[in-house]
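# Observations on chain architecture
Chain by chain, the residues:
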Amino acid sequence: MRRWCWVFVLLGAAGCSDSGGGSETAAESGETVASGESESDSESGAREDLPGDLPSDPSSDLPTEEPRPELRSPAEAEDLDPDPDVVRVALTAAPLAYEIGGELVEGWAYNGQIPGPTIRVERGDTLTVEFHNGLDSATTIHWHGLHVPFAMDGVTWQGQAVGPGEDFEYSFEIDQAGTYWYHPHVDTDRQVDLGLYGVIVAEDPADPVPDRELVVVFDSWDEFSFDSDDESDHHGLDGTVIEWTANGLIDPVFPAAAGERIRVRAVNVANAGYMALSWPLLRHIGGDQGLLAELSEPESVVLAPSDRMDGEWLIGAGFDVIGLPYSLLGAPAVADERRLFEVQVDAPGAAPVGLELPFDGAEPTPDPGWTDVLYVFHGDPHTGYWTINGELFPDITIESLPLGEWAIVELRNVSQSAHPFHLHGHGFEILSVDGVAPEFRRLEDTFDVAPYSIVRIGVLADNPGDWMAHCHILPHVDGGMMTVLRVE
Amino acid sequence: MGWSPRSAATALGLLGLACADDGPVAQTSTSTDSGSESAGSETFATATSTSESESDSGTDEAEPIPEQIERSVLVLLDGVPLQGAIVIQGGTGVVVHTDADGRALALIDTTIQGALVLMASDERARTKASEILVNDASEIVFELESIEPGDNEAYEFNPAGVPENPGTTAECGHCHQAFKDQWFGSPHRRSASNPVVQDIYAGVATALADQATCEAAGGQWWVGVVPGSDQLAPRCYIGTGALPDLNEACGDLAACDGVATSFGACADCHAPAIDGVVGGRDLHDAIGASFEGGVHCDLCHKVESIDLDGPAGVAGRLRLHRPVEPSPSPSVGPWKPLAFGPYADVPNPRMGASPRQHFLTAEFCSGCHQHDQAALVPGASLDLARWPDGVFPAHSTYEEWRAGPFFEIAPCSSCHMPADPTLGNGADLTADKLPMQGVALGWLRPPGATREHTWVGPRTPASGMLQLAAAIFIDKAVADGTLTTQITVRNAGAGHAIPTGEPLRSLVLFVQARCDGEVLTAIDGDVIPEFGGWLDRKPGPEDWSVWPGAAIGDVVRVVTEDGWVDYEGFGPFGDGSFDVTQKGLPRLRVVGQSRVISVNGDQVSFDVPLPVGDVAYRGRDGYFEAGEPLAAAAVAGAPGFGFARVLADENGMTMVPHHRAVDVVSDNRILPQQEWTSTHVFAASCVDPVVDAVLLHRPYPVALARERGWDDAQQIMVEVSK
């Protein structure tokens, strides 16, 4: 998140570094104020008043030792439908003043919490979302990674946004399992940055059940934007993250007990920030489109913007969850590593064995070698323009795939920045990266294309519609890096 | 707002001015006038705080300081308040500009690791720095001095250095080792020392290294200049060259070296760092660093501005400014350091940096990568009906980019200078050195701000740039035992035409079809044009059984001429100025081919009778048949196609070096995001034949490469089967 606007800053004064209006204070506006660092009674962390634990004397310059906040999963959305095969939830987008690291921020939220309420469904459920736009701007909800009908995809390409004060009902069946997320697809760079995002957990009834789950949403705070033509800036790329938050908290604590098996579902909702997520004995079990084909135990897992990963914690002793420096250059960054949060175990003990997860061990589909659709990425930070095939959205050439065809799409990156390519309405399989096939079948809906690399993907074009295809570095979308892939 | 872990006493400048690798440079000091020979003393002496009494901050070391503090700044230029000056804190990227009174309020981030330093910068001056004393809130005054105008011909360029040798501070690479290593592997470093350049310049074949070989090839074993030196030695003079071509009565009986007076301005781009006067220089004047270093650090960073109206090179478009002010200190050389670069936060007085935006623009690259040329050979002239401005585009990479979709979107550096993720800045800053950030080592810049000085392209094969540039799409259909396939070649990745730059380059597309391993016979369709090379060419109805010089295994390819290829190329080849005949690319179609199986004098026999056609080309096996698939061969008339800018000289010879050229007879190179589809027809013996298509990048025409003995290895750009 960039500092779109600081309403006011605790313990001192500050201003807008990247103005977005909103000079009204939370107290003046009467908006809801949430505090991430000071947990309220509700699980969401939303509060109805200004934080009571703020220093009473703002002029005091003495630092205080405050207890580290506790990391909890975002509160879940209430299922309003008793039918076990239907999940009906209500979401309202509205302004919210909330606190990050001692600063009050005027943002936007779903149901008064950031991250928004987690929507939990089972594979095969029908999800219906009664959405109300309580903002003064048009918005939508895009169901990132879910294969929804085009009309439900939350895009304004051949559709309308939900206007201020208006309602819209999203409804679709979910035949997927895994960790997904939802966010606006209008003015996305700004609206996501202000706090409009939440997680969707699609459970597979066939999966073994862990003792607990942690849904953790990583967002960047104080992210610099270097895309500018200011003659005196560095012309670097967006995404230099000054601080990361975990469910809105800076360096919180997650209490756990020895013997617990915890499934952690992590989502990177940063506009441009990358992280390499690491903890001891990392067990990577799930990716964008559900369970991996095989358990993976890497040193770290890179989360590009919009990436998700599921991990399994077999708790024995406490450990730190680390964000290794990584940048949108598609490589480790020159910076210090930072602790994202701590898993705290008061009484260390023996770690349990992992769950018997149904990894299918599938091998990758062979690459036939030819290409049906080619997307080439270009751009430059100091112009702020980013193109696909030399075109700036919305002035684009629509490529088409016949409905039902297994098509080969080649992604080439001829720019300095990595580009996490996201295709709406479909998952896709990674066939090769720079000519090398993955060890196991790898299904994604967003895949990071490193600078100067070639990624080939296979897409089963089984969902008719005009599907947005774009980089998920949101300033790059603003800079034009989006197109449409038609399935008909 | 929070508190910085930095205590007030440690929030002081690190003023060491040598490289980080030179030992303990992290002197924690506020001294601004040490009396040493450090060039830094001047900078800090002139960027003064009005109160230096608290040089040790006067605070308890344990006392915390705010994460952000304010400082009032006054910037003067030659003693006068300067409006619009850049004020920036090292390590933040946050900029403020001075107002009409020369003042600005800077917010200082005290959490930056290393030195807290504020800088003032302006194009008219060298950037200066001032350390920030946390407990001294008095106004910081920067006294900038105008850079004295004029280019100093007495200045001697600093060398870059060589890899694996840190050298001395006289070499740019001493402090910028990564840049040095990257540059060393780049084509820019070889701009003068490249034997191909020297061969074309002097009319030499360096590879023909002894008299017998030379004379057997038709050359003359004459004494001439050894490139890069002042030595004379026997060399093989053969064929065309800039010196013999541009100087009348020269090169007939002896080498032109040392005799010629017309140099074609080759040195203005190929050896731009020859010390002394710019322009009118002999490429043979390039000796030492100007030869070995070609286009090097100190040359580029002495380019003060770009004059787009000037001719290519340092005597025209690239305006050099070598410093004229005497050095303030013997430690930094005879002249006051001066270096132009893209960023405003380089205050090291050893550099004398002054910011220039052109380093981030394509206009800078146009300084040599746009060359419009008149007829240079004495007595030759252009056809003014075709080239009314009296010049033709010899190199037009810049204008190709300007005319394409990436103009104002992605300048040259966005592709050809990849970001370096391993370094925090151009002074080799790494994570372990973050606490040492300061004037010497600079500060951490955001990802993408540090660019590799590699200039990746076709001459850096490992970069994969050629593979990113082009794509092939195959469509095919079989009907009545005939396979018709359409091959589309798209310029998918390049921001300019492919090929671009040196017009000796071409792209050659090979196409074949197979049924269960059996190669099908091409019966119609497009072929590789004449610039694909031929060993002999005979229009019908000459005697096609006589082929002087033929060898067993040679292939004779017969084609028909079917009008002209209508394409949309660069400039007049695509803007409607030229009609299809003026675009100059004959449309040739496959008839058939035969292989030479025996030779008797000039008389040859073929494996199958030659078919009837308009033209026959004798050549060699193409990509699919050759045992050495990447060796360039004469393949005109083979199933496929090709893309090139074809220059011709006064005699109608094509694919000539640009110094000889008087015309661009055709230019069907593929412009950015454009494509070309060729059609090929084969006799099919199965229901679903496999079509193979390969696009090769060829650096030199076959005939010229053979004459000079050049390594003419082609590169595969893309290879697809369907």
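Residues numbered from 1 in each chain as written. Chains lettered and ligands numbered in written order. Predicted model: local features only at pLDDT ≥ 70, side-chain atom pairs only at ≥ 80, totals over all residues. Heavy atoms only, no water.

The name given to chain A in an unreviewed UniProt entry is Multicopper oxidase mco, and the organism recorded there is Enhygromyxa salina.

Turning our attention to the confidence of the model for chain B. All names here are of chain B. Here chain B shows a mean pLDDT of 91. Residues at 70 or above account for 91%. Counted against residues more than four places away or in other chains, residues 7–17, with its pLDDT under 50, gives 59 contacts. Overall, residues 20–60 carries pLDDT values under 50, and its contacts beyond four positions in sequence, including any with other chains, amount to 87 contacts. (pLDDT = per-residue confidence, 0-100. Contact = heavy atoms within 4.5 Å.)

Moving on, we get to helix α3 (residues 195–202) of chain B. Residue and element names in this part refer to chain B. In terms of residue burial, α3 counts as a mostly covered element, since 7 of its 8 residues are buried. When we look at burial in α3, the residues that qualify are Val196, Val197, Gln198, Asp199, Ile200, Tyr201 and Ala202. In this fold, the buried residues of α3 make contact with β13 (232–237), α5 (242–246), α6 (267–270), α7 (289–292) and α13 (702–708). The N-terminus of α3 is capped by Asn194, whose side-chain oxygen sits 2.9 Å from the backbone nitrogen of Val196. Downstream of α3 by a residue or two, Gly203 has a phi angle that is positive, lying close to 75°. (Buried < 20%, exposed > 50% of the residue type's maximum accessible area, 1.4 Å probe, protein only. Helix = DSSP H or I, 4+ residues; strand = E, 2+ residues; numbered from the N terminus. Polar contact = N/O pair within 3.5 Å; in protein donor to acceptor, adjacent residues only side chain to side chain.)

Before going further, it helps to spend a moment on the state of the cysteines. Residues and elements named next belong to chain B. All told, the structure shown has 4 disulfides over all chains when counted by the stated rule. Linked covalently through their sulfurs, Cys214 and Cys236 form a disulfide whose S-S length is 2.1 Å. On the S-S bond that ties Cys214 to Cys236, the torsion sits near 85°, and the link is right-handed. With Cys214 in helix α4 (residues 211–216) and Cys236 in strand β13, this residue pair connects regions lying 22 residues apart in the sequence. By relative accessible area, which is 0% here, Cys214 ends up buried. A residue is classified by how much of its surface remains accessible, and Cys236, at 1% relative accessible area, is buried. Disulfide partner of Cys515: Cys686, at an S-S distance of 2.0 Å. (Disulfide = S-S within 2.5 Å.)

In this assembly, 54 residues from chain A lie in contact with 58 residues from chain B. Across the interface of chain A and chain B, roughly 4,300 Å² is buried in total on both sides, 63% from carbon and sulfur atoms. At the boundary of chain A with chain B, the tally comes to 1 salt bridge. Between Arg451 of chain B and Asp380 of chain A there is a salt bridge, with its nearest N and O atoms 3.7 Å apart. (Buried area = accessible area lost by both parts, 1.4 Å probe. Salt bridge = Lys/Arg side-chain N within 4 Å of Asp/Glu carboxyl O.)

For the rest of this paragraph, the subject is the nonpolar core. Within the largest apolar cluster, 73 residues are counted, with the highest numbers of intra-cluster contacts made by Phe392, Ile472, Ile487, Ile498, Leu509, Leu695 and Met717 of chain B. The residue makeup of this core includes at least three contributed by each of domain 2 (149–322) and domain 3 (474–721) of chain B. If near-sequence neighbours (up to four positions away) are discounted, Ile487 of chain B is found in contact with Ile472, Phe473, Ile474, Leu509, Val511, Trp676, Thr677, Ser678, His680, Val691 and Ala693 of chain B. Core analysis: the next-biggest nonpolar cluster, separate from the first, contains 58 residues, Val269, Phe377, Ala469 and Met482 of chain A among them. (Core = buried A, V, L, I, M, F, W, Y, C linked by side-chain atoms within 4.5 Å. Domains from an automatic or database assignment.)

So, about the packing of aromatic side chains. Residue and element names in this part refer to chain B. Scanning the entire structure with this criterion turns up 33 aromatic pairs over all chains. On the numbers, 6.3 Å between centres and 50° between planes, the contact of Trp387 with Phe573 is tilted. With a gap of 186 residues between them, Trp387 in the loop between β18 (371–373) and β19 (392–395) and Phe573 in the loop between β26 (555–564) and β27 (586–600) connect regions that are remote in the sequence. Classification of Trp387 as buried rests on a relative accessible area of 5%. Ring centres of Phe573 and Phe578 lie 5.0 Å apart, and the angle between their planes is 90°; on these two criteria the pair is classed as edge-to-face. For Phe573, a relative accessible area of 2% gives the class buried. For Phe578, a relative accessible area of 7% translates into the label buried. Here the basic side chain of Arg386 rests over the ring of Phe578, its NZ or CZ set 4.4 Å away from the ring centre. (Phe/Tyr/Trp six-rings, centres within 6.5 Å; stacked < 30°, edge-to-face > 60°. Lys NZ or Arg CZ within 6 Å of the ring centre and 35° of its normal.)

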